[in-house]
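Structural overview for review
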Amino acid sequence: MKKFLAVLLAVLMMVPMGTVAMAADTYTGPIVTVPDEFGYLTMGVGETLTIELEVLIPDKEYHVEWRSSNEEVATVDQNGKVTAHAPGRVTITALHDGYAPSSEITVYDDETYVFLSRKNPGEISRYAWSINSDDSCWSNFTLQKLGPDEVVDVTSKNSNNIFFKDVRGNTNDPTEKKYYVYYQLTPAEYELDDLDKEIEDSIIVTMKSGRTYEFPFVWVLTAYPYLSATPAFPEEIVLSPGETTTIHYEVIDKQEWLESYEPNVTRLDDDVTLGEIVKDGNKFSVSVTCMGEYFITYIRGSADYQLKSKYQRYSGYFFLDKEIKVVDPYFSEEKPSKPTKPGSTDKVTESPQEAERTANKAAEDAAVDVIREANAALAAGKELPAKTQSVTTAAGTTITAVPVKLSGLEASIYLDTMDLLATGKVGLKASINSGAAEVILPASFKHDPEPGRFGYPLGFQKDPRDASLMTQLVKGDTAKTETYKLGGNVVLPTTATVTIKTKLDGKVNVYYWNDETRKATLIASPTAADGRVTFATKQLGHLILTTGTI
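Residues numbered from 1 in each chain as written. Predicted model: local features only at pLDDT ≥ 70, side-chain atom pairs only at ≥ 80, totals over all residues. Heavy atoms only, no water.

Next up on the list: the overall build of the chain. Counting its regular elements, the chain contains five helices and 39 strands. Of all 550 residues assigned to the chain, the portion counted as buried reaches 43%. Nonlocal contacts in the chain, meaning residues at least 24 apart in sequence, comprise 67% of its contacts between residues at least 6 apart. Surface exposure of the chain reaches about 29,000 Å², of which carbon and sulfur atoms provide 50%. (Helix = DSSP H or I, 4+ residues; strand = E, 2+ residues; numbered from the N terminus. Buried < 20%, exposed > 50% of the residue type's maximum accessible area, 1.4 Å probe, protein only. Contact = heavy atoms within 4.5 Å. Areas by Shrake-Rupley, 256 points an atom, 1.4 Å probe, with all protein chains shown as cover.)

Bringing a negative patch on the surface into the picture now. On the surface, Asp36, Glu37, Glu52 and Glu54 cluster together into a patch of negative charge. Mapped onto the elements of the fold, Glu37 is located in the loop between β1 (32-33) and β2 (40-44). (Patch = residues over 30% accessible without salt bridge, like charges linked within 9 Å, V, L, I, M, F, W, Y side chains within 5 Å. Salt bridge = Lys/Arg side-chain N within 4 Å of Asp/Glu carboxyl O. Lys, Arg positive; Asp, Glu negative; His and termini not counted. Charge placed at Lys NZ, Arg CZ, Asp CG, Glu CD.)

This paragraph deals with the environment of Lys361. Within the secondary structure, Lys361 sits in helix α3 (residues 352-380). With relative accessibility at 28%, the residue Lys361 sits in the partly exposed group. Separated by 49 residues in the primary sequence, Lys361 and Glu410 place their C-alpha atoms 9.9 Å from one another. Within polar-contact distance, the side chain of Lys361 engages the side chain of Asp365 at 2.6 Å. (Polar contact = N/O pair within 3.5 Å; in protein donor to acceptor, adjacent residues only side chain to side chain.)

Further remarks concern the packing of aromatic side chains. Throughout the structure, instances matching the rule amount to four aromatic pairs. Measuring from ring centre to ring centre gives 5.8 Å for Phe141 and Phe217, while their planes differ by 40°; the resulting arrangement is tilted. One end of the pair, Phe141, is in strand β12 (residues 137-146); the other, Phe217, is in strand β17 (residues 212-222), and 76 residues separate them in sequence. Here the aromatic cluster, defined as three or more aromatic residues joined through ring pairs, consists of Tyr249, Tyr261 and Phe284. Just above the ring of Tyr261 sits the side chain of Lys279; from NZ or CZ to the centre is 4.2 Å. (Phe/Tyr/Trp six-rings, centres within 6.5 Å; stacked < 30°, edge-to-face > 60°. Lys NZ or Arg CZ within 6 Å of the ring centre and 35° of its normal.)

For the rest of this paragraph, the subject is the sheet that holds strand β7 (residues 81-84). Strand order in the open sheet formed by three strands is β3-β7-β6, with antiparallel pairing between adjacent strands. Each edge of the sheet is formed by a strand with only one pairing partner; in this case those strands are β3 (48-50) and β6 (74-76). For this sheet, the mean inter-axis angle between neighbouring strands, taken without regard to orientation, is 20°. As paired elements, β6 and β7 share three bridges and run antiparallel to each other. If you follow Thr75 over to β7, its bridge partner there is Thr83. (Pairing = 2+ DSSP bridges. Axes fitted to C-alpha atoms, helices over the stretch in contact; angles between N-to-C directions.)

With that settled, the discussion passes to the sheet that holds strand β9 (residues 102-108). Read across the open sheet, the four strands follow the order β2-β9-β8-β5; overall the sheet is mixed. Two strands lie at the open edges of the sheet, namely β2 and β5 (65-68), each paired on one side alone. Looking at each pair of strands side by side, their axes are set apart by 25° on average, direction ignored. Judged from the six bridges that link them, strand β8 (residues 88-95) and β9 form a sheet pairing that is antiparallel. From the neighbouring strand, Gly88 faces β9, where its bridge partner is Val107.

Bringing the side chain of Lys145 into the picture now. Within the secondary structure, Lys145 sits in strand β12. Since its relative accessible area comes to 0%, Lys145 is described here as buried. Here the side chain of Lys145 touches Asp149 through a polar contact of 2.9 Å, landing on its backbone oxygen.

Further remarks concern the pattern of salt bridges. Taken as a whole, this structure holds seven salt bridges when the rule is applied. Ionic pairing is found between Glu104 and Arg89, a salt bridge with its closest N-O pair at 2.8 Å. Pair noted here: Glu104 is in strand β9 and Arg89 is in strand β8, with a separation of 15 residues, a long-range link. Residue classification places Arg89 among the buried positions, given a relative accessible area of 10%. In this structure, Asp463 and Lys462 form a salt bridge, with 3.4 Å as the shortest nitrogen-oxygen distance.

Examined bridge by bridge, strand β18 (residues 226-230) and strand β20 (residues 244-252) share five bridges and lie antiparallel to one another. If you follow Tyr226 over to β20, its bridge partner there is Ile252. Note: β20 against strand β24 (residues 283-290), seven bridges, orientation antiparallel. Note that in β24 the partner of Glu250 across the bridge is Lys283.

Now the structure itself:
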């Protein structure tokens, strides 16, 4: 017995003590968070609901202080129970240990309620406008209304160039609609001394009932430089495989406020090769060579910049995307003409987006034919078609799937295809942008799409527009991070296996970033190998891949 105790003691001395306690003590993030389903809520006056927090660190003590940003609109008790009192927008916050996870709630009554870019009527918004350009500046706002009344006009006090359009109606609730409001700042001359000057204006929304809503805002004059390119935006570039062109960029800095900048050019996929960046003062250029089959891709020119000492607080990042359309004779006997010059009477019959959708739809239809043939072969006990493949999912399961090649931001899977997968036994392996991303969809699952859905977007893009915001969330001085957008902010009806080409090594944390709530949620922690990282997910959209944490 003594010998047993001695051995046991020796083993215990070899085990690091206090590991769990140390992990909890050294953890610096929030202990609880507000789940996505409570991130944005809608309530009627008089209704109540309870926000259920998600505990991130079990067994760690914490105390939450619930707060309401506007108790006239809604109050919250210390159990997270929210009571709606009056129409408006309100933020409910769960304060704890210096962190403030929150839920944004819209309260409306029997009448129609309207808010602009998440602001209540009468609530002042502040926006920045660069005076470093002599061009007009367009800004867009999101206008949302709840209730039966209709929006009939949108005007402003100081700008005559403003319009709006209906972009989305909630099919579950026809009284809920969303609009985009486009507002143009009038060109004006400003000097150095005008920096930080404030320009006041209001957007006025008029309803069919005659009721109006006013949204005041302030433009703050800043000195951000901007980027231009030749060919000019939004003119596309049309090439054949193997053909090379040069894109010329220029940093527009007419007041000479720029201290320094570091140019960068990135590609969307591997079917484009880039030459070395040639920098000459405020100009830089790069050669682009396109290879492979028909596709549409994008080249992003960007730069981190710093302004002179007087404006040291103004530093940042700008970018400009250029569209490149690559035409392969395999898909077209006749090479399409390049975009017409200004003033030309010739017309391009199909837009790049339409051409992209056409090519993707043709590839999907061909894959669907093989899937139908394979399902029939399995039912009859016959040999599978030669185009089927055995693929391995992130869970390690081997399934039968049919490959399909998709490209660009318009890639998607239609509902009929998803229905076929759901009711059959053969899956689909979508290779996007020549393998830059791959999505494996298994067969045999429940498919009950929400009303109004036409398909599931699978477009793929590296360094999307909000890349800098996404990267800023990452913790760790030595962390390496990559940002992507795969499809839209949609939840698939089945768990997909996603593979992305990456330069990261070792363990990679994959976060889904909601571009509306600006919250990141960890969805997987795979290990990158051979320049690829594979993980399972139902959630598509903005993805942050990092060796650090958020």
